[in-house]
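Listed here are the chains, written in short residue letters.
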Protein chains: 2
Amino acid sequence: MEDHIVQDSIYILKQSSTRLCKSSREQRDSLLLAIAQGLLNDWSDISQANLLDLEIARKEGQQEALVKRLVFDEEKRNGVIEGLKQVAALEDPIGKILERRLLDTSLLLEKVSFPIGVIGMIFEARPDALVQIVSLCLKSGNGIILKGGKEAVHTNVALAASIQKSALSSPLGKDWLLLLTSHSEVDTMLGMNGQIDLLIPRGSNAFVRYVMEHTSIPVLGHAAGICHMYVDKDADLAMAVDCAFDAKTQYPAACNSIETLLVHKQVAATFIPLVAKKMEEKKVILHGDSFTQSLIDCIAYAQGDYDKEYLALEMNIKVVESFREALDHIAEHGSHHTDAIITENKTVAKEFQLEVDSADVFVNCSTRFSDGFRFGLGAEVGISTAKIHARGPVGLSGLMSSKWLLQGNGQVVSSYSGPHAKPFLHIDLDKGENAK
Amino acid sequence: MEDHIVQDSIYILKQSSTRLCKSSREQRDSLLLAIAQGLLNDWSDISQANLLDLEIARKEGQQEALVKRLVFDEEKRNGVIEGLKQVAALEDPIGKILERRLLDTSLLLEKVSFPIGVIGMIFEARPDALVQIVSLCLKSGNGIILKGGKEAVHTNVALAASIQKSALSSPLGKDWLLLLTSHSEVDTMLGMNGQIDLLIPRGSNAFVRYVMEHTSIPVLGHAAGICHMYVDKDADLAMAVDCAFDAKTQYPAACNSIETLLVHKQVAATFIPLVAKKMEEKKVILHGDSFTQSLIDCIAYAQGDYDKEYLALEMNIKVVESFREALDHIAEHGSHHTDAIITENKTVAKEFQLEVDSADVFVNCSTRFSDGFRFGLGAEVGISTAKIHARGPVGLSGLMSSKWLLQGNGQVVSSYSGPHAKPFLHIDLDKGENAK
């Protein structure tokens, strides 16, 4: 699309999102179920589009991992249909009363949850992610601009067409959803502060950084995922081996996989050979400092290794003199995403959770648990390492903003000011479930 | 200070803020009370510094409003001392359990409130604001970098010296507070993403915009405060006159004062002469559209008036054909700060609160109520028009972030994946008051 057409579509979407903000739970949930039915009705078109994407990807010699994510077969379709039904069954996130306070007689203040407005979501070549993101945004009453990985373009176009067809017969219409398909359209989007309220980019570090540096729209997400596991001197070493193995190998391309294993020197001689042996099962490439090199066969540490996100079966091992050194290492090299400690010492565990400045700080388990589904958030649109708004896995609640509503009967501030100021009552009232 | 000295001080502050995050409620509250006592002990130094600032301001011919804000006399000192005691008495915002969920047997997830980290606060020449900001940041465990209006520089230096002297005998030390005194230091600060977690600029629109455009650090605040009051056809017109008068004249330089009064045409002929007569009491300059001009003596509307923030006894009056036109006007010209409707029609009032996309949306009262103290938030560090994180008046809760803490006994994700995946329990548990 040309620039001005993208811009016009986004203006229309912004207006449509106002309608979405005001829609009833029933309208949004009915549409979610209609979309699920629509995917079945339009299955032949969607499936053909996906086969075309897969053919192109194979022809272009794409990596098998990418091709696997690109597949949108009946199993994945049934998965997203189940997901749509689950999201429809969730409670309404709009209109929740977050605070309620009587400022004075007949002057009632309420802080109420409201949609953020328009969300721009840029994500990898995973067609099931498109449906998941649409379902969360629709449920939360947010207009959504989508740009998926280019390898999935035909599937995404077919999915968006099916969703918009379902939306046509809903009072919400179809304009709250816009699918972009080219990189230049993304640049147009980055410049539309005022029309777009929040950007959630997923993908490579370089890409997320590009987005963060080229827009004044607030961005939620994470550039790097340099996660650590620290094996304390009081660790259960068998547990540490299992947790480290899972945290590195269960899905090495994930942002919550560990890149560096920190080991207290008191247990290094015992633990490092054990963990190295386990890592051999998956042929993990190990980089070690000089202490580690004296214990196992590994690549010698080189400057910069501690700041690398391998995203592969590759990892650093570093021996630390003390718990303090582990904390300092994480503060210096971590990306504030997910870090874990393995220890039986409760005081040390608590200190670790207090001091490590990351979105997710774990004790005695794998870092791979940091995920919206595993956390029980229903689903996630991404993981944020920001310290404002949502932090960690972002589910429905991260897509919500709020408004302060004040209802009076003619009160003016001058009555509450000056030498004869009337005092405020400021009585906190019970929060209700829903303001509507 | 030279650039590198400012940078070094900010690095030290960042480290000190880590200590603050972990401090106990007692440590922070004792220090708040010690600061209150310190202001009494150091009163002679502080008072002399303030007299010097006042002398310079008068010599430079500063406006009386600025001089009034600059005064830091015994009355204002006693006010901030009272404020420090009140903040010390508030409940601890750190360590609140916001969510608690059993993911599986012995795998407990908790979302816990934590300080944001380091806050950069740039504010007007008001010494009492310095103490208020310090008290909120200290209570919430955040390191604080302050830059106050240059007219208050001597008072601010004396206040910061007194506060740091009190902090020296606290286990928290004095390094969590840094006072900057020059504009070039502000520029250094804007470039320190990674060390500073949040900026809260207050002051002129131009200045806030400058900050927003010159930093990649998240910014909380508002550039413009173009607030509206809409007088509906079903309004109580006497109430509308009182509320409009208060909203414009009670403190015209405030961001929550109205700039445009929208009037439904059915009541325009009756209401506009009434409100114009009332506004005469404070010599409010009125700009009117052609309908308004046919009713009262006023300045003819000129292109651009609806986008002006007068911040003075000056206001637009516009007659609208319908409620819809009022909503559209606010969507086009408003700054998403505070807008109010005067109406006896409950359906229209509700529709207004649903649709107007502002931080504060009021019914039948003055827009001047949008303020942290009046809202009962204790105090405020500013008012945000952002839609993420805090929206509207920002109190203690806006200075908090959170962490996800997961405590297991060796769980790995591979047990919960694949064909024989163990299901999660995902049992929501009661939230506790405090995690510590």
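The rules behind these values
Just so you know, the residues in each chain are numbered from 1, in the order the chain's sequence is written. Both sets of labels track the order of writing: A upward for chains, 1 upward for ligands. Reporting of local features is limited, given that this is a predicted model, to residues whose pLDDT is at least 70; pairs of side-chain atoms are given and counted only at 80 or more, and all residues count toward the totals for whole chains, interfaces and linings. When the copies are superposed, the least-squares fit takes in the C-alpha atoms of residues with a pLDDT of at least 70 in both. Annotation comment: domain bounds sourced from an automatic or database domain assignment. Two residues qualify as being in contact provided that their C-beta atoms, derived from the backbone, are within 7 Å of each other. Amino acid classes used here: Ala, Val, Leu, Ile, Met, Phe, Trp, Tyr, Cys and Pro are nonpolar; Asp, Glu, Lys and Arg are charged; the rest, including Gly, are polar. Strands are runs of DSSP state E lasting at least two residues, helices are runs of H or I lasting at least four, and both sets are numbered from the N terminus onward. To estimate the expected span of a helix, subtract one from its residue number and multiply by 1.5 Å. With C-beta atoms placed from the backbone, the exposure class of a residue follows from how many other C-beta atoms lie within 10 Å of its own: 20 or more, buried; 12 or fewer, exposed; in between, partly exposed. As used here, the arc belongs to the directions running from the helix axis to the C-beta atoms. Paired strands, in this sense, are two strands between which DSSP finds at least two bridges.

Trainee: Help me understand the relation of the copies chain A and chain B in this model?
Mentor: Two copies of one chain are present, and they are related through a rotation about an axis combined with an axial shift. If you rotate chain A by 180° and push it 0.0 Å along the axis, it lands on chain B with an RMSD of 0.0 Å. Such values leave the two copies arranged in the relation of a two-fold axis. Of the C-alpha atoms belonging to chain A, the one lying closest to the rotation axis is found on His-389 of chain A, 1.9 Å away.

Trainee: Would you take a moment to explain the domain arrangement of chain A for this structure?
Mentor: It is common to report an interface's size as the accessible area lost on association of the parts. All names here are of chain A. The assigned domain composition of chain A is domain 1 (3-221 + 390-398) and domain 2 (227-369). Taken residue by residue, the interface counts four residues in domain 1 and four residues in domain 2. A breakdown of the residues in the side of domain 1 that touches domain 2 according to their chemical character gives one nonpolar, two polar and one charged.

Trainee: I keep staring at helix α3 (residues 43-59) of chain A and nothing clicks. Help me out?
Mentor: Residues lying three or four places apart along an α-helix face the same way, a consequence of the helix completing one turn every 3.6 residues. Residues and elements named next belong to chain A. In a regular helix each residue adds 1.5 Å, so 17 residues correspond to 24 Å; α3 covers 24 Å between its end C-alpha atoms and thus fits that length. If you check which residues of α3 are buried, you get Ile-46, Ala-49, Asn-50, Asp-53, Leu-54 and Ala-57. Down the axis of α3, the buried side of the element spans an arc of 140°, and every buried residue falls inside it. For α3, the exposed residues lying more than 90 degrees away from the buried face are Ser-44, Glu-55, Arg-58 and Lys-59. On the buried face of α3, the contacting elements are α2 (25-41), α4 (64-70), α6 (127-139) and α7 (153-168). Where α3 terminates, the next one or two residues include Gly-61, which has phi positive at roughly 70°.

Trainee: What should I look at first to understand the pairing of strand β11 (residues 314-320) of chain A in this one?
Mentor: Consecutive residues of a regular strand have side chains that alternate between opposite faces of the sheet. Residues and elements named next belong to chain A. Counting buried positions along β11 yields six of seven residues, so the element is predominantly enclosed. Judged from the five bridges that link them, strand β8 (residues 258-264) and β11 form a sheet pairing that is parallel. Counted as the bridge partner of Leu-261 is Ile-317 from β11. Sheet analysis places strand β9 (residues 285-288) next to β11, joined by four bridges and oriented parallel. Following the sheet pairing, Ile-285 is matched in β11 by Glu-314.

Trainee: Just checking my understanding: could you explain the environment of Gln-411 of chain B for this structure?
Mentor: Locating Gln-411 of chain B in the fold gives a position in strand β16 (residues 400-411). Under the C-beta neighbour-count criterion, Gln-411 of chain B is labelled buried, with 25 such atoms within 10 Å. The spatial distance from the C-alpha of Gln-411 of chain B to the C-alpha of Asp-104 of chain B is 9.3 Å, given a sequence separation of 307 residues. Those residues in contact with Gln-411 of chain B that sit more than four places away from it in its chain are Cys-365 and Ser-366 of chain A together with Asp-104 and Leu-107 of chain B.

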